[in-house]
Structure formats: C-alpha cells, structure tokens
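# Remarks on the overall topology
Here are the chains, one letter per residue:
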Amino acid sequence: MKKKYLILYIFLFFVPNFSCDNKKQTDQEKNRIKQDNMEKQIQAIISQMTLDEKISLLHANSHFSVAGVPRFNLHSLNMIDGPNGIKYDYTKDWQIPENVDEQASTYLPVGMALASTWNTQLAKQYGDVLGNEAKYRGKHVVLGPSLNIVRTPLCGRNFEYLSEDPYLISQIVVPYIKGLQQNNVAACAKHYIANNQEILRDYINVNMSERALREIYLPGFKAAVQEGKVYSVMSAYNKFRGDYCSESNYLLTDLLKNEWNFTGAVISDWGAVHSTSKAALAGTDIEMGTEIKLGNDSYDQFYMADPLKEKVKSGEIDQKVIDEKVERIIRLILRTKHGKGNYNGEFNTREHQKVALNVALESIVLLKNEKSILPVDLSHTKTIAVIGENATRLHGQGGGAAGIMPKYEISPLEGLKKIVDDNVKIIYAKGYSSVKDEDQTKINQQALKIAKSADVVFFFGGLNHGDISSNETREFDTEFFDKKNLQLPYNQNALIKKLAKINPNMAVILISGGAVKMPFIEDVPSIVQAFYPGMETGNALAQILTGIQNPSGKLPVTFPKKIDDMGAHALGEYPGTDDSTVFYHDNIYVGYRYLVSNNIEALFPFGHGLSYTKFKYSDLKIDVNNNKIMAAINIKNIGEAEGAEVVQVYIEDIKSELPRPKLELKAFKKIKLKPNESKQIKFTLNEKKLAYYNDNLNKWITEPGKFKIHIGSSSEDIRLSETFVWK
Ligand code: BGC
C-alpha cells in the first residue's frame, strides 16, 4: 500500500473512534472549565459583597423567596411546593390567591403512586414536568421530592413519600431529580431526616441506631445527593438524637456536607429554625418560614438575619461560617439561571398531561382478581353501578403542602362515562358520605338499590385528604395529622359487605395514600388500589377497569393485616413517650423486612401487584466472577394479554455476625411482554449490594459465606432461589 493511502486508511479507521472518545473528553473538559469558572465567579462575588448583602441571602424575604443581589446579577430564589405539581403562590395571609386559576397546573400522581410504577423512565419524565412548569412560573427551587421512609402506615404524609424500601426510593428519586434539574431548576430533597410521623413532628426527638440510619433512613437522601446531584436539601422539623435537624451538626455538616460532598444549600423546613448560632454552625444555609412564629414581615428578625449579623459583628461567629453558606447559595442561584428571561418553561401542555396519565396508568395496583371480574367486558355489560364518594371526589387540592390547584381532575365516574358507549348505562349513588350531618342511612339505601339491578358494581372508596373548610375529620392522608388506625372511615366496610351480598359481581377500588384494613376481603372478588393518581385518575382507572390497559403497578409499601404486624408498632415506639421522644427499636426491621423475617403474612405484601396476564419465571442462572454476581432468568408471558411485570431481586445473608432481615431488595426490572413472548433478563450485583452496616465496627461490611438470591413477583411470591458463596 502506498504510504499516503496507508495514512488515509489509518486515519479513517481510527479517527472516528478517537473523535468519539475525544468528544466525550471535550464535553467533560468543557464541563470542568464551566465549573471552574463558576467557582471563580462565586469567589469573586463573595470578595466584593458587604455583610448585609451576605446576610440577606441566608433567610427568606417572603413566604417563599430569598432576595437576590442585583448588583451582582444574582436573581432572587423563588421557591414553590412540590412534590407532585407546582403550587399557587399564597397571599401574604396564607390564603389561596384570587388569580389561582391562572396558576392551576399539571397535577401528577402523588409520590407513592410514582413509586408504585417501579418505572425509572417515568420518574424522569415526571421530574421534567415539574422542572418545566416551575420554570414557566419563574420558580427556581421545587420543594420536593419527599423522601422520608414509610415507617408506619399511619403517617399522614405517606402519600407524598415513596416507599418503605430504601433501594426503591433511591431508584425513583435519582431520575426524578435529574429530570427536574435539567430545566435549570433545583429540586429540594426533603425532609432530612426522620420526619416519619406527623404527630408531634415539630419537636419529637427521634432516636435510632446508626445501622438503621445508614441502612434504612439515609440511602434515599444519599442517592439524591451523590447520584441525583440534587441542588438543595430541606432539613426536617423534628429532632434527631436530641438536636433539631436544622441544628444537627452530625446530619448537616458531618454527613451531608463532608461525607457526601454535598455542594448545594440546606434550606430549613418552614419555621424549623430555633436558634441563631446553633443552626448557623450546624450547617443550615437558608432559614425559611419563621414568620409563622414571628408574624408577617418579620424577615429581618429571623434567627439568621439581624441576630446573626450581630454575632458576626461581635466576633462570636466567624465570617468564614457566613461565607461558606453564601458560597453554597450563590452556587444554587447560578445553577438555577433559567436562561433567557425567567418565564420560558411550559405549562399544562398536552405532553405534561400525557406524563400524568402514563404514570397514573402504571401506578394502579390490582390487588385481587378472582372470578375474572376484571377487566369488565363492556360488550356483555348493560349496567354498571358506580358507588362511593371517591367516585366523584377530587383530591388535588388536599393534603397540606403537597396540595395544588389542578388544571383539571377527572374523577373515576367521569372517566368511566367517557369510556363507555351508549349501550352501557352507568348509574351512580354516593353510598357513604364524609359529611357528618348527611343522612347516611338514606345514602346507603340508594346504593343498595342500584347495586341490585346492575351487571357489575364498582365501589370507589378509601380515604381522602380531608377538607379544612368543612367539619369532616382530617386525620387521613394529610400533613399535620396521622391516621388513628387502619380502618376505612364512614362505615364503608359494612356497606361493602352488604353490597357484595346483593351483587357479588363487584370490584372495590380504593383510593388512599397507603394501607387500610379490608375486613371485606373474602366477600369481594376484585380489589384495586390507587394512590391518588393525579389529574388523570378517572381516565386511568377507566382504562384499567375495562382492560384497555393491563395493570402493572406493584405495592411500594406493605399492606399489613393489622398494625401490630409492622415493626414500628411491634418493636418500636409510636408516636413516642410523654416527653416527646421516640425510639426506633424496630431498627432495620421496617416494612416487609419485619414481616418476612418473622414469618408474618401480609394482607398484601410489598412488591405485590397482579396483571390480567400471568408470567412464568424459569432458568435462574448465577455466576459469581470478578467480584460480581450475575443472575439471569427467563420470563414468559403465559396469558392472553400483553402486560408488564416487575421482576424483583432480593438478597438473603445466610449467616452474619449481626442479624439481618430475611429479604432485602437489591434490584428490579420492569419488563413488557406480548402473549407467549419470553425474554432473558440479567442482573449484576456487586459486593456493596451484599453489605450491611455493622455498628459494632461502624462500617459497611460484606461477610464471606453463603448468600441466597431470591427472584420474585413480590416479597411473598418468590419464584426462584439459588445459593451462592461470596469469596
Ligand atoms: C412542609 C414542607 C413544605 C413547606 C413549605 C412545610 O410545612 O413540611 O414540606 O415544603 O411547609 O410549604
């Protein structure tokens, strides 16, 4: 070959690869230069700032903002709740504003619904909708995701939270944050940490072992910081080991900032700062909401406003402490520059509504389906009796901080009416009522009457978020309250039993933010769970009930038979002692970890969810090599409908120095299959996945020896198991 051709040949052969790698490198390099420049810019600004300007960044200047510093082109930080839709701006008196309709936004399914999809791609789209709508509204920080562990099914805020399992939380939260922050809007991982109950939340002192902290309560936040690169974290109201979370040096400085290298800002929950020096020195960067205690326009009197300034002036607090905070806040401001103008996002688009629908569809969990009541065959159905207050009740505005003004919200009744044609008659009766002074007997009777003549009965019940303006009980799924027990309210149980006797062709559809007791379980053939699926609730439920969509949601929490079947209640304390202290003696035995380790059968276990088709698991192969465990299985759709299954991988450590739960979720995959289609799926686990936190040694360890890998369709429906030896 002539020399010049040889050179050309070499060039053509190698350059494309080289240029691809090169591109990656240059992107990385560009990024690094950008970062460096930003850091230099931050330092340059700080060096020119007055103390007043610095202090102005450390506290609110309205209910939901921090002032910017115009002379350095630093925009104000506008914050908004979160976490399942962009809220309206309150008036100064904390009222709903007059122009609230203009601020009506995309109402996404709540956190627990998102987690019940077990779909990480949907989580990214979900975050993207939030970031995009926040940008449109000129907001820089979205106060979400809510990441607290579901420790007890009674916690009023569980609906906002994701799961009882730290791994599932971590998997959902990372794409949520990435999707949100790709809009140059900050997510805010909240409430750091152990806000696991609403009762006494403002001062309860939570105590737990270091092991429980590391294995159960921290991983979601750690993933948010290290993998999601979250720009801000909100400290919780409660105390942790004696200190308010906003004053905990261990939580904020040692763990978050030093051990995890968090580069963003710590924002206090609203009114959660209680001191100047302690909060400032512990690592709180921005104080919000103290006007709740001090009164309107008290911003200069905030702990981290004038009082902090005085302490700096007197030398009690070092300038460096302030500068470290200012650095983080300026970084947050620069990271949330929206680009050209502030209002360039999108609001209420068809695409956003589609995301809301897709998440809703995949979030609905088919708990029980005997006698094939579902999906209802519309070609053989003349009359559907729709019964229950939740068939018409809208939920978007409820729940406390998470409540928003939805652009629209399709109720289950509306959704069903839209989907059926003229041949099918839908008759509705309320059946039960949340309003105390309504004639319950009459309402009951009407429902029993319509049930008799119908081909099928759909009962829509469950819980609600309560309504602050009426005299109904608010103690269900809402901020500020916990549930008193797992009972369905308003005599729904009795009504369901009566209805099932009159017409056994019945499906119960529960809308709630978590588990409820089901004394009617043997009486009704089909039960469906929906965790407040957002603005498209009715459309999604109608598609599932009529079989247009095959359900694929899986429970992200255990539904126990009774409350004492949960570790928090059987072993730990709830809601705490008279002096407002709670000990998590349940330790790492949270959720299914307690049940499976004690052979307690759940009403419906963690990870459970049926489909209109069936899946066969086979051929588990394990290979331990190069410090990795490779597991492969075959999965086949052996039914007649296309469907999706969430294959769950649990690890069991056969022998360990400290006791471990019998199952720990370590991986999962959601896979869609046509009838008869089969696929091999592979999982790779590394040493870290086998580790536990040994609090005698204060470190994560993986002990050599026998382990088992369990592959299942839920934590109680393990289909394949195999033993392997580690090292
Ligand atoms: C809640 C936070 C919320 C904040 C602002 C607090 O009461 O705990 O989750 O972001 O209020 O509304």
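Relevant structure appears above.
In this text, all values refer to a predicted model and were calculated from it rather than measured experimentally.

It is worth spelling out the site of the ligand at this point. In the vicinity of the ligand there are 13 residues, among which D81, R157, H191, D269 and E479 approach most closely. Separating an oxygen atom of the ligand from a side-chain N or O atom of H191 is a distance of 2.7 Å. At a separation of 2.7 Å, an oxygen atom of the ligand approaches a polar side-chain atom of D269. With the chains in place, 93% of the 310 Å² that the ligand exposes on its own is no longer accessible. The pocket occupied by the ligand, as judged from atoms lying within 2 Å of grid points, is the largest pocket. Classifying every residue of the shell around the ligand by side-chain character gives 6 nonpolar, 1 polar and 6 charged.

For side chains bearing opposite charge, pairing can occur when the charged atoms are close. As enumerated under the stated definition, the model contains 44 salt bridges in all. One salt bridge in this structure joins D565 and K562, with 2.9 Å as the shortest N-O distance. What makes K562 partly exposed here is its relative accessible area of 42%. Between R660 and E664 there is a salt bridge whose closest N-O contact spans 3.2 Å. Residues joined by salt bridges that share partners form a network here, namely R157, E160, E198, R201, D202 and E479.

Put simply, the largest pocket is a space of about 1100 Å³. Taken together, 43 residues line the largest pocket, and the ones lying closest to its centre are K87, Y90, G400, A401 and F480. At the level of elements, β4 (186–192) and α10 (291–294) are the ones that each hand at least two residues to the lining of the largest pocket. Residue classes in the lining of the largest pocket are distributed as 17 nonpolar, 13 polar and 13 charged. Roughly 820 Å³ of internal volume is contained in the second largest pocket. For the second largest pocket, the lining is made up of 25 residues, of which P219, K222, E227, K688 and W700 are closest to its centre. Among the secondary structure elements, those contributing two or more residues to the lining of the second largest pocket are α5 (166–181), α6 (210–217), α7 (219–226) and β20 (664–673). Here the lining of the second largest pocket is composed, by residue class, of 10 nonpolar, 5 polar and 10 charged.

Taken as a whole and judged by the stated rule, the model has 4 cavities of 30 Å³ or more. In this structure, the largest cavity spans a volume of roughly 60 Å³. Among the residues making up the lining of the largest cavity, the classes are represented as 5 nonpolar, 5 polar and 2 charged. Roughly 40 Å³ of volume is contained in the second largest cavity. The wall of the second largest cavity is formed by P83, G111, L114, Y126, P145, S146, E160, L162 and Y176.

What counts, and at which threshold
Residues numbered from 1 in each chain as written. Predicted model: local features only at pLDDT ≥ 70, side-chain atom pairs only at ≥ 80, totals over all residues. Heavy atoms only, no water. Near = heavy atom within 4 Å. Polar contact = N/O pair within 3.5 Å; in protein donor to acceptor, adjacent residues only side chain to side chain. Areas by Shrake-Rupley, 256 points an atom, 1.4 Å probe, with all protein chains shown as cover. 1 Å grid on protein atoms, 1.4 Å probe; cavity = no way out; pocket = protein on both sides within 12 Å on 5 of 7 lines; lining within 4 Å. Sits in = over half its atoms within 2 Å of the grid points. Nonpolar A, V, L, I, M, F, W, Y, C, P; charged D, E, K, R; others polar. Salt bridge = Lys/Arg side-chain N within 4 Å of Asp/Glu carboxyl O. Buried < 20%, exposed > 50% of the residue type's maximum accessible area, 1.4 Å probe, protein only. Points joined across faces, edges and corners; volume = space filled by probe spheres on them. Helix = DSSP H or I, 4+ residues; strand = E, 2+ residues; numbered from the N terminus.

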